[in-house]
Amino acid sequence: MKITYLGHASFHVLFNDVNLIIDPYISPNPQAEHIDIGALKADYILVSHGHGDHVADVERIAKNTDAKIISNFEITTWFQNKGLSGHPLNHGGKISYDFGTIKYVNAVHTSSLPDGSNGGNPGGFVIWSDIECLYFAGDTALTMDMKLIPMTCPQINVAILPIGDNFTMGYEEALLASDFIECNNIIPCHYDTFGLIEVDRPTVESAFTAQGKKINFLSIGDSKEV
Ligand code: NI
Ligand code: MN
């Protein structure tokens, strides 16, 4: 798979030749102003929860691309009521497509939508094919439920975890999350976008390195092949 960082907690993932966009928050983010939203390819848009810093560009990208939105029932319904196409999941549920399987898993956070609508409960995604597996944690605290993922899903090749603290777990707990999910190859997100979630990268890098783990800081627009 090829993972491209779009800033904050937003990613494009080329997964088995299918284009996935996760939690697009690009146009409101000055750090991502070099990202051309109109050029993004999307077959599916995965939305972890309802907060504005995860849904800001969903509608625009969905209209550009005819992508199908995959999220929990409440968020999917909210977008379907805007005339967009979606498939609802709920926690513990998965759907299999030709390219792979997408499972919606627990996250500990909140999930109101920008207009105050009920965005259901927040989640993360595990996405796998016969040969690879990605975990996108979404906005979450460290949770014991992460231990269920290696028991119920294929071995994770790479995990995208929040590290910015304040609204999610910080990097110290992301280290424990890495143990819980049995994956030592981490891409960080949800840091440095605004003041409350700034991190000191050398500190984070040395904490991961000291435990034999890899933390891949990506510049916005850069990609990583896994
Ligand atoms: Ni959030
Ligand atoms: Mn967030």
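Residues numbered from 1 in each chain as written. Chains lettered and ligands numbered in written order. Predicted model: local features only at pLDDT ≥ 70, side-chain atom pairs only at ≥ 80, totals over all residues. Heavy atoms only, no water.

A. Focus on a nonpolar patch on the surface. Together, Phe167, Phe194 and Leu196 make up a nonpolar patch on the protein surface, roughly 280 Å² of accessible area in all. Here Phe194 lies in the loop between β12 (185-189) and α6 (201-210). Taking relative accessible area as the criterion, Phe194 reaches 31% and is therefore assigned partly exposed. (Patch = residues over 30% accessible without salt bridge, like charges linked within 9 Å, V, L, I, M, F, W, Y side chains within 5 Å. Areas by Shrake-Rupley, 256 points an atom, 1.4 Å probe, with all protein chains shown as cover. Salt bridge = Lys/Arg side-chain N within 4 Å of Asp/Glu carboxyl O. Helix = DSSP H or I, 4+ residues; strand = E, 2+ residues; numbered from the N terminus. Buried < 20%, exposed > 50% of the residue type's maximum accessible area, 1.4 Å probe, protein only.)

B. How the structure looks around the coordination of the manganese ion (ligand 2). Those protein atoms acting as donors to the manganese ion (ligand 2) are Asp53 (OD), His54 (NE2), Asp139 (OD) and His190 (NE2), and they sit at 2.1 to 2.2 Å. Separating the manganese ion (ligand 2) from the nickel ion (ligand 1) is a distance of 3.0 Å, and Asp139 supplies a donor atom to each of them. Of this pair, His54 sits in helix α1 (residues 52-55) while His190 sits in the loop between β12 and α6, placing them 136 residues apart in sequence. Of the two residues, His54 and His190, neither departs from the other in class, the shared state being buried. (Donors = N, O, S within 2.8 Å, 3.2 Å for Na, K, Ca; no water.)

C. Just the pattern of salt bridges, in detail. Taken as a whole and judged by the stated rule, the model has four salt bridges. Residues Glu59 and Lys63 are paired through a salt bridge, measuring 2.9 Å at the closest nitrogen-oxygen approach. Highlighted residues: Glu59 and Lys63, both in helix α2 (residues 58-65), separated by four residues, approximately one helical turn. Residue classification places Lys63 among the exposed positions, given a relative accessible area of 54%. When the shortest N-O distance is used, the salt bridge between Asp192 and Arg201 registers 3.6 Å. Given a relative accessible area of 34%, Arg201 falls into the partly exposed group.

Remember that the coordinates give geometry; whether it matters functionally is a separate question.
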